[in-house]
Amino acid sequence: MADKQISLPAKLINGGIAGLIGVTCVFPIDLAKTRLQNQQNGSRLYTSMSDCLIKTIRSEDTLACAAVNLTLVTPEKAIKLAANDFFRQHLSKDGQKLTLLREMLAGCGAGTCQVIVTTPMEMLKIQLQDAGRIEAQRKLMPQAAGGAPGGPVEARTHTAMQLTRELLRSQGIAGLYKGLGATLLRDVPFSIIYFPLFANLNSLGGRGADGPAPFYVSFASGCIAGSTAAVAVNPVDVIKTRIQTMTRGSREDTYSGVTDCIRKILHQEGPSAFLKGAYCRALVIAPLFGIAQVVYFLGVGEFLLSFLPQWNN
């Protein structure tokens with residue numbers, strides 16, 4: 001993403017549209033990632049991403065999960081991308097190319113800003129995405145879900161608004177921000193890795209000294225940088241997903257915090273558990289951020305704002 005001067009409203013529009021398009025393309029994989037990460041020993045329902053997707057499509061309304069992702073993830077991407085541009089512009093000296101350290105600082109700022117919105121959004125998204133896994137576990141493995149074999153299965157369906165009201169009523173605002181520390185540990189390092197890596201990869205395909213890179217270079221750079229950063233922070237993403245999950249089977253561990261989660265995962269499942277869903281996460285993040293950079297390249301936000309009379313004055 002070139003360090004060109006773009007207004008804040010245009011940045012938010014670009015980020016929002018990028019999130020909307022990207023999430024529409026990859027929402028089933030994101031759902032599979034959450035369910036694979038939440039599987040613990042003794043409650044294994046899915047053997048792979050494809051197995052999870054097939055079973056989910058056959059038994060559930062995947063469009064409902066898509067609506068959740070579109071509603072919750074789109075503003076998060078807008079904030080992340082707009083905040084990074086904001087910090088890059090303020091850290092730049094007279095339009096000069098940022099040093100690697102300053103690029104990392106801009107990414108750090110973007111990751112820190114986004115968690116204000118990301119934490120409650122992820123909290124709700126995880127409950128809704130994982131509900132189908134819990135319900136399937138109740139039906140197929142009632143003893144693992146806290147029920148008696150062959151006993152009746154209680155269906156539990158919630159909407160995002162119902163979950164929000166329930167959390168606010170029982171735990172207050174802190175309920176929506178459960179896992180804030182783990183979210184920071186994931187999103188700040190992700191942004192520190194992603195944004196500098198993208199900027200440097202994108203600059204390799206620039207047209208001359210000052211010319212922007214072609215859109216396909218921006219897309220490829222976004223995909224490569226996104227998948228690299230996603231895999232790098234996947235262990236923390238597993239921890240965050242486990243901590244934020246509210247409903248579990250009786251054989252599944254509960255966690256009091258990040259260190260407790262790390263200790264129990266290492267003891268019960270081994271180090272490989274921290275890589276659960278890594279390839280799913282890479283497949284989600286790569287096209288999402290590739291698309292985001294193309295939206296920025298095309299200047300969609302600026303184009304839409306040009307139709308507002310007050311914007312042209």
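Residues numbered from 1 in each chain as written. Predicted model: local features only at pLDDT ≥ 70, side-chain atom pairs only at ≥ 80, totals over all residues. Heavy atoms only, no water.

Enquirer: Is there a simple way to think about the side chain of T183 in this case?
Expert: Position of T183 among the secondary structure elements: in helix 7 (residues 180-204). Excluding residues within four positions of it along the chain, T183 makes contact with V115, T118, T119, K240 and Q244. (Helix = DSSP H or I, 4+ residues; strand = E, 2+ residues; numbered from the N terminus. Contact = heavy atoms within 4.5 Å.)

Enquirer: Would you mind showing me how to read empty space enclosed by the protein here?
Expert: Empty space left among the atoms is revealed by rolling a probe the size of a water molecule over them. Applying the stated criterion across every chain yields a total of 3 cavities of 30 Å³ or more. Together, 21 residues line the largest cavity, and E76, K77, E122, R281 and I285 are the ones closest to its centre. For the lining of the largest cavity, the secondary-structure elements that each account for two or more residues are helix 1 (8-38), helix 3 (62-91), helix 4 (100-140), helix 7 and helix 11 (278-298). Looking at side-chain class alone, the lining of the largest cavity contains 9 nonpolar, 2 polar and 10 charged residues. (1 Å grid on protein atoms, 1.4 Å probe; cavity = no way out; pocket = protein on both sides within 12 Å on 5 of 7 lines; lining within 4 Å. Points joined across faces, edges and corners; volume = space filled by probe spheres on them. Nonpolar A, V, L, I, M, F, W, Y, C, P; charged D, E, K, R; others polar.)

Enquirer: Can you walk me through the confidence of the model for the protein chain in this structure?
Expert: For residues with low pLDDT, the predicted coordinates do not support detailed interpretation. Mean pLDDT over the protein chain: 83, with 84% of residues reaching 70 or higher. Taking the mean pLDDT of every element in the protein chain, the minimum, 62, falls on helix 13 (residues 309-312) and the maximum, 95, on helix 9 (residues 234-244). Below pLDDT 50 for its whole length, residues 144-155 participates in 21 contacts with residues either more than four positions away or in separate chains. (pLDDT = per-residue confidence, 0-100.)

Enquirer: Teacher, can you tell me more about helix 9 here?
Expert: Given 3.6 residues per helical turn, the α-helix brings residues three or four places apart onto the same face. Counted residue by residue, helix 9 has 9 buried out of 11 residues, so it is predominantly covered. For helix 9, the complete set of buried residues consists of N234, D237, V238, I239, K240, T241, R242, I243 and Q244. (Buried < 20%, exposed > 50% of the residue type's maximum accessible area, 1.4 Å probe, protein only.)

Enquirer: Just checking my understanding: could you explain the UniProt feature "transmembrane region" (unreviewed entry) in the protein chain for this structure?
Expert: According to UniProt, the positions carrying the feature "transmembrane region" (unreviewed entry) are residues 12-32 and 282-308. Along residues 282-308, the helical share is 85% and the strand share 0%, with 38 Å between the first and last C-alpha atoms. (UniProt positions renumbered as here; feature names shortened; annotations may be inferred.)

Enquirer: So what exactly am I meant to see when it comes to the nonpolar core here?
Expert: Where a protein is soluble and globular, its nonpolar side chains tend to be buried together. By size, the foremost hydrophobic cluster in this structure holds 33 residues, and its most contacted members are M49, L81, F190, Y194, I285 and F289. Looking at this core element by element, the count peaks at 9 residues for helix 11. Counting 9 residues, the second-largest nonpolar core is a separate cluster that includes A182, V238, A273 and F274. (Core = buried A, V, L, I, M, F, W, Y, C linked by side-chain atoms within 4.5 Å.)

Enquirer: Just to check I follow, could you spell out the environment of G109 for this structure?
Expert: Along the chain, G109 falls in helix 4. Residue classification places G109 among the buried positions, given a relative accessible area of 13%. Distance from G109 to F86, taken between C-alpha atoms, is 9.3 Å for residues 23 residues apart in sequence.

Enquirer: What is the right way to look at the packing of helix 1 against helix 2 (residues 49-59) in this model?
Expert: How two helices pack is summed up by the angle between their axes together with the distance between the axes. Packing of helix 1 against helix 2 leaves a shortest axis separation of 9 Å and a crossing angle of 110°. On the basis of the axis angle, helix 1 is roughly perpendicular to helix 2. Only M49, C52, L53 and T56 of helix 2 make contact with helix 1, whose side of the interface consists of P28, I29, L31, A32, R35 and L36. A breakdown of the residues in the contact of helix 1 with helix 2 according to their chemical character gives 8 nonpolar, 1 polar and 1 charged. (Axes fitted to C-alpha atoms, helices over the stretch in contact; angles between N-to-C directions. Parallel < 35°, antiparallel > 145°, perpendicular 65-115°, else oblique.)

Enquirer: Looking at this structure, I do not really get the pattern of salt bridges. What am I missing?
Expert: Where charged atoms from two side chains of opposite charge approach closely, those side chains can pair. Taken as a whole, this structure holds 14 salt bridges when the rule is applied. Note that K240 is salt-bridged to E122, the shortest N-O span being 2.7 Å. Of this pair, K240 sits in helix 9 while E122 sits in helix 4, placing them 118 residues apart in sequence. Comparing K240 with E122, the two get one shared label, buried. Overlapping salt bridges, with partners in common, bring together D30, K33, E122, K125, R186, D187, D237 and K240 in one network. (Salt bridge = Lys/Arg side-chain N within 4 Å of Asp/Glu carboxyl O.)

Enquirer: It is not clear to me how the packing of aromatic side chains should be interpreted in this structure. Could you clarify?
Expert: Two numbers describe a pair of aromatic rings. These are the distance of the centres and the angle of the planes. Following the criterion strictly, the structure yields 8 aromatic pairs and no others. With a centroid separation of 5.9 Å and 10° between ring planes, the pair formed by F190 and Y194 is classed as stacked. With a gap of 4 residues between them, F190 and Y194 both fall in helix 7, about one helical turn apart. Between F190 and F289 the ring centres are 5.5 Å apart and the planes differ by 45°, which places this aromatic pair in the tilted class. (Phe/Tyr/Trp six-rings, centres within 6.5 Å; stacked < 30°, edge-to-face > 60°.)

Enquirer: Mind showing me how you'd approach a nonpolar patch on the surface here?
Expert: Taken together, the side chains of F215, Y216, F297 and L298 make up a nonpolar region of the molecular surface, amounting to roughly 440 Å² of accessible area. In this structure, F215 sits in helix 8 (residues 215-232). (Patch = residues over 30% accessible without salt bridge, like charges linked within 9 Å, V, L, I, M, F, W, Y side chains within 5 Å. Areas by Shrake-Rupley, 256 points an atom, 1.4 Å probe, with all protein chains shown as cover.)

Enquirer: Looking at this structure, I do not really get the environment of L101. What am I missing?
Expert: With respect to the helices and strands, L101 occurs in helix 4. Note: C-alpha distance between L101 and I192 (91 residues apart in sequence) is 9.5 Å.

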